[in-house]
Amino acid sequence: MSLTLRLILGDQLHSGHSWFETVDPSVRYVMMEVRDEASYVLHHAQKIIGIFAAMRHFADSLVRRGHAVTYLKIDDPNNQHAIDNNLALLIAKNKATAFEYQAPDEWRLDKLLKSFCQQQSIPCQMVDSEHFYTARDEAAVLFEGRKQWLMETFYRQMRIKHRVLLQEEKVPKPIGGKWNYDQDNRKAWPGDPPEPADTRTKHNHSSIWDDIQRAGVKSFGNPNANQFAWPLDREEALDVLNRFITHTLPHFGDYQDAMSTKGWRLFHSLISFALNVKMLHPDEVVRAAESAYHAGAAPLSAVEGFIRQILGWREYIRGVYWANMPGYDNLNAFGHQHPLPAWFWTGETQMNCMRHAIKQSLEHAYAHHIQRLMVTGNFALLAGLSPHAVHKWYLGIYIDAFEWVELPNTLGMSQYADGGRLATKPYVSSAAYIDRMSDYCKGCRYDKKLKTGSKACPFNALYWDFFDRNAEQLKSNHRLGMVYRNLEKMDPEQLDAIRQQSADTLARLEKL
Ligand code: FAD
Ligand code: DLZ
Ligand code: SF4
């Protein structure tokens, strides 16, 4: 009798996949919790709990739909703790006559499964994950021959191709006359409207947490196992999405870049985990936002800004990943080598912005985009931290972090370690930007206005020193003209003092 084994990875929980349309008695699905996958980087406890719990929910739902499932738990005595070794055993045990898997999103697993298949004597096949708008190489085809890949170019193509927020005319034109309302998305948050309440369903997953610990999987961060708050199945994910669209999306645009000590998510959607493990499809998210605009429930600037993140950034980032792997993770355009200060793992620093962003990440396995880019990422780049170490930190700490999306965001957009393939300039700032977009500086031990002296905000001297020491690489970038004009105008004595302050700051990174 023929039997096909089909592998489902921890981030392939896509209940709408065509695999599951009919119940086929000659198919068995396999899912596995393995130490190799939980340990290739030090993960936040909530990330491991979230993936295992969502996998278990998904396996149960398949069984309820009549499918045959073999599920290897982390404490199963037969578990080999490596995907390929488990597969080999399961193929032999089930006398499988064929093996199939969905295209993995990570290069490492793509390679592992391809090489596994080459060693098999049964037919093996990779199928589409049916999740993304784009093929892996779609952005590469669009940008062929271009050194710099402009997200905006890609995004407009996507709007046209998928007919999103378009006027119904022969020549595609954006609704409202503008493609991009980014200029309207940069307000600080005055504390009103209030941050929406956290209405996510809370689970008690203490027993999964016990399993993980007993299996010796190392982790960090607050497990929050008995109040676990991230959505674990499609129903919960849809609930998070629908509440966002109804209550929060109208304010998303205005406060997209805002940060505050009084709120950890502000007006962000919290759907990235559900999207990245494929409990939600990007098209249903985009269409839900578009419908809210047409129903008059949310302004165009908010809806466009939100859709741009998913139809634009998310798909574009995936294209950057596949075009640059393997090897992208080792790029280091500035040759930065500093290890991460120990307080990256505890949040115990006197810099209020960093303390706040890191502590909330340890607490929730989440920080929103501007915290990741303009606080922790900004500091890491200014301080010359190793981009590879920074990448591993981001990959471990965030609940939504999978290499295909985390790596280009961290190494490319945030650390400029690829020399500017996707960012048009390094995303760095002095205290002025952080102060404009947040209330962090008000309660800080450091003075946002000072560049030198023991009370000076570390961001300030590091900022000017960063551009000074990298002038050869960056000076010709026309987006940095103003920065270099200001540097040239600077009094040489002041510049010397800034260089000294920066060197002193770097020498006492651990104590900042
Ligand atoms: P919202 O702000 O509500 O945005 C809605 C959705 O848009 C997100 O869920 C996400 O799917 C998508 N999105 C927004 N920005 C981006 C982006 N730059 N790239 C890809 N998708 C985007 N996002 C991840 O999903 N995984 C990561 O590992 C990740 N690492 C990042 C690392 C750095 C250094 C930076 C600067 C950004 C990173 N991002 C990552 C992008 C972004 O910060 C998160 O998608 C977002 O914070 C998730 O929260 P949310 O669902 O509330 O997003
Ligand atoms: C991230 C992760 C973790 C922690 N554990 C598992 C696991 O036990 N089993 C599994 O199939 N997948 C896991 N994952 C997700 C994968 O490691 C990998 O990150 C994604 O499949 C890449 O797209
Ligand atoms: Fe951060 Fe500097 Fe502001 Fe303190 S003063 S919160 S270190 S930017």
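Residues numbered from 1 in each chain as written. Chains lettered and ligands numbered in written order. Predicted model: local features only at pLDDT ≥ 70, side-chain atom pairs only at ≥ 80, totals over all residues. Heavy atoms only, no water.

**Overview of the overall build of the protein chain**
For clarity, the cut-off: Helix and strand assignments come from DSSP, with helices taken as H or I runs of at least 4 residues and strands as E runs of at least 2, each series counted from the N terminus. We compute the radius of gyration from the C-alpha atoms alone; for a globule the expected value is 2.2 Å times N to the 0.38, where N is the number of residues. For each residue, the accessible area found with a 1.4 Å probe, counting protein chains only, is set against the maximum for its type, and the residue is called buried under 20%, exposed over 50%, and partly exposed in between. Throughout, a residue-residue contact means that at least one pair of heavy atoms, one from each residue, lies within 4.5 Å. All accessibility values rest on the Shrake-Rupley procedure with a 1.4 Å probe; residue burial counts only the protein chains present in the view.
A count of helices and strands for the protein chain gives 20 helices and nine strands. The C-alpha radius of gyration of the protein chain comes to 24 Å, within 12% of the 24 Å expected for a compact globule of 512 residues. Projected onto the principal axes, the alpha-carbon positions of the protein chain cover approximately 85 × 55 × 45 Å. Each of the 512 residues in the protein chain was classed as buried or not, and the buried ones make up 58%. Residue pairs in contact within the protein chain that sit at least 24 positions apart in sequence constitute 74% of those at least 6 positions apart. Of the roughly 21300 Å² of accessible surface on the protein chain, a fraction of 50% belongs to carbon and sulfur atoms.

**Some points on the pairing of strand β1 (residues 4–7)**
The criterion, for reference: Note on pairing: two strands pair once DSSP finds at least 2 bridges between them.
Neither face of β1 is exposed, since T4 and R6 on one face and L5 and L7 on the opposite face are all buried. In the sheet, β1 pairs with strand β2 (residues 27–32) via four bridges, with the strands oriented parallel. Each bridged residue has a counterpart across the sheet, and for R6 the counterpart in β2 is Y29. Relative to strand β5 (residues 98–102), β1 is paired through four bridges, and the arrangement is parallel. In the strand pairing of β5, L5 is matched with F99.

**Here we look at the domain arrangement of the protein chain**
This is how it is decided: The domain limits used here are those given by an automatic or database domain assignment. Once two parts are brought into contact, the accessible area they lose, counted with a 1.4 Å probe and summed over both, makes up the buried area.
Here the domain parsing of the protein chain yields domain 1 (4–127), domain 2 (138–202 + 232–324) and domain 3 (342–511). Each partner contributes residues to the interface: domain 2 has 31 residues there, and domain 3 has 30 residues. Across the domain 2 to domain 3 interface the summed buried area is about 2800 Å²; carbon plus sulfur atoms make up 63%. Of all residues in domain 2, the largest losses of buried area upon contact with domain 3 belong to M259, W264 and Y321, amounting jointly to 28% of the total for that side.

**Notes on the nonpolar core**
Keep this limit in mind: In these notes, a set of buried Ala, Val, Leu, Ile, Met, Phe, Trp, Tyr and Cys residues joined through side-chain atoms within 4.5 Å is what counts as a nonpolar core.
One finds L249, Y316, M354, F379 and F467 to be the most contacted residues of the largest nonpolar core, which totals 151 residues. Not counting chain neighbours up to four residues away, the residues in contact with L249 comprise F244, A289, A292, A298, A302, V303 and F306.

**What about the site of ligand 3?**
Here is the rule: The rule for a residue being near a molecule or strand is that one of its heavy atoms must lie within 4 Å of it. Lys, Arg, Asp and Glu make up the charged group, whereas Ala, Val, Leu, Ile, Met, Phe, Trp, Tyr, Cys and Pro make up the nonpolar group; the residues left over, Gly among them, are polar.
With respect to spatial proximity, the complete set of residues near ligand 3 consists of M351, N352, C353, A431, I434, Y440, C441, C444, Y446, K448, C457 and F459. Across the shell around ligand 3, the residue classes break down as 10 nonpolar, one polar and one charged.

**Concerning the packing of aromatic side chains**
This is how the line gets drawn: Between 30 and 60 degrees the pair is tilted, below 30 it is stacked and above 60 it is edge-to-face, where a pair is any two Phe, Tyr or Trp rings, Trp via its six-membered ring, whose centres lie within 6.5 Å. Whether a charge lies above a ring is judged from NZ of Lys or CZ of Arg, which has to be within 6 Å of the ring centre and within 35 degrees of the ring normal.
Summed over the entire model, instances satisfying the criterion amount to 33 aromatic pairs. Here the aromatic rings of F143 and W149 are separated by 5.0 Å at their centres, their planes lie at 20 degrees, and the arrangement is stacked. Residue classification places W149 among the buried positions, given a relative accessible area of 12%. Here a set of aromatic residues connected by ring pairs shows up, and it is made of F334, Y416, Y463, W464, F466, F467 and Y484. Above the ring of Y40, the side-chain terminus of R108 is found at 4.2 Å from the ring centroid.

**Points about the site of ligand 2**
Rules: Whenever two N or O atoms come within 3.5 Å, that pair is a polar contact, provided that in protein one can donate a hydrogen and the other can accept it, and provided that, for residues adjacent in sequence, both atoms are side-chain atoms.
The immediate surroundings of ligand 2 are formed by 17 residues, with G10, D11, M32, V34 and E37 found nearest. Side-chain polar atom of E37 to an oxygen atom of ligand 2: 2.4 Å apart, as the coordinates give it. In this structure, E106 approaches ligand 2 through a side-chain N or O atom, which is 3.1 Å from an oxygen atom. Starting from 490 Å² of accessible surface for ligand 2 in isolation, the protein chains cover 100%. At the level of elements, α1 (35–39), α2 (45–64) and α4 (107–118) are the ones that each hand at least two residues to the shell around ligand 2. In terms of residue count, the dominant contributor to the shell around ligand 2 is α2 (three residues). Here the residues of the shell around ligand 2 are counted per class, giving 10 nonpolar, one polar and six charged.

**Concerning the sheet that holds β2**
Test applied: A fitted line through C-alpha atoms represents every axis, and for helices the fit uses only the stretch in contact; the resulting angles, taken between N-to-C directions, go from 0 to 180 degrees.
Reading across from one edge, β4-β2-β1-β5-β6 is the order of the five strands in this open sheet, with parallel pairing throughout. A strand with exactly one partner marks an edge of an open sheet, and here the two such strands are β4 (68–72) and β6 (124–127). Direction aside, the axes of adjacent strands within the sheet are offset by 25 degrees on average. As defined by bridge partners, β2 adjoins β4 across five bridges and the pair is classed as parallel. By the bridge assignment, M31 is partnered in β4 with Y71. Strands β2 and β4 of the sheet are contacted by α2, whose axis makes an angle of about 160 degrees with β4. Across the sheet, α4 touches β1, β5 and β6, and the angle it forms with β5 is around 170 degrees.

**Digging into the environment of I49**
If you trace the backbone, I49 turns up in helix α2. It is 9.7 Å that separates the C-alpha atoms of I49 and I399, two residues lying 350 residues apart in sequence. Excluding residues within four positions of it along the chain, I49 makes contact with H205, W209, I212, P223, A225 and F228.

**Some thoughts on helix α6 (residues 151–161)**
Put simply, the rule is: The arc under discussion is defined with respect to the helix axis, by the directions toward the C-beta atoms.
Residues of α6 that are buried: M151, E152, F154, Y155, M158 and R159. Within α6, the buried residues cover an arc of 160 degrees as seen down the axis, which keeps them to one side. Looking at the buried side of α6, the elements it contacts are α5 (138–142), β7 (166–167), β8 (173–174) and α11 (300–324). A positive phi of about 50 degrees marks R163, the residue just after α6.

**Concerning a positive patch on the surface**
Stated precisely, the cut-off is as follows: Every patch collects residues that have over 30% relative accessible area and no salt bridge, joining them within 9 Å if they carry like charges and within 5 Å if they are nonpolar side chains (Val, Leu, Ile, Met, Phe, Trp, Tyr). By salt bridge we mean one thing: a side-chain nitrogen of Lys or Arg within 4 Å of a carboxyl oxygen of Asp or Glu. Here Asp and Glu are counted as negative and Lys and Arg as positive; His is not counted, and neither are the chain ends. A charged residue contributes its charge at one atom only: NZ of Lys, CZ of Arg, CG of Asp or CD of Glu.
A contiguous patch of positive charge on the surface is contributed by R445, K455, R508 and K511. Checked against the element boundaries, K511 lands in the segment after α20 (492–507).

**A closer look at unusual backbone geometry**
Here the residue pair D192 and P193 is connected by a cis peptide bond, since its omega of 5 degrees sits within 30 degrees of zero. Following the sequence through the fold, P193 ends up in the loop between β8 and α7 (206–214). Unlike most non-glycine residues, L165 shows phi in positive territory, near 50 degrees. Its location among the elements puts L165 in the loop between α6 and β7. A residue is classified by how much of its surface remains accessible, and L165, at 0% relative accessible area, is buried. Phi angles above zero are rare outside glycine, and Y416 is one such case at about 50 degrees. Tracing the backbone through its elements, the reader meets Y416 in the loop between α15 (403–414) and α16 (431–437).

**Overview of the environment of G335**
You can see G335 is positioned in the loop between α11 and α12 (352–364). Judged by relative accessible area, G335 falls into the partly exposed class, the value being 38%. Distance in space between the C-alpha atoms of G335 and S39 is 27 Å, their sequence separation being 296 residues.

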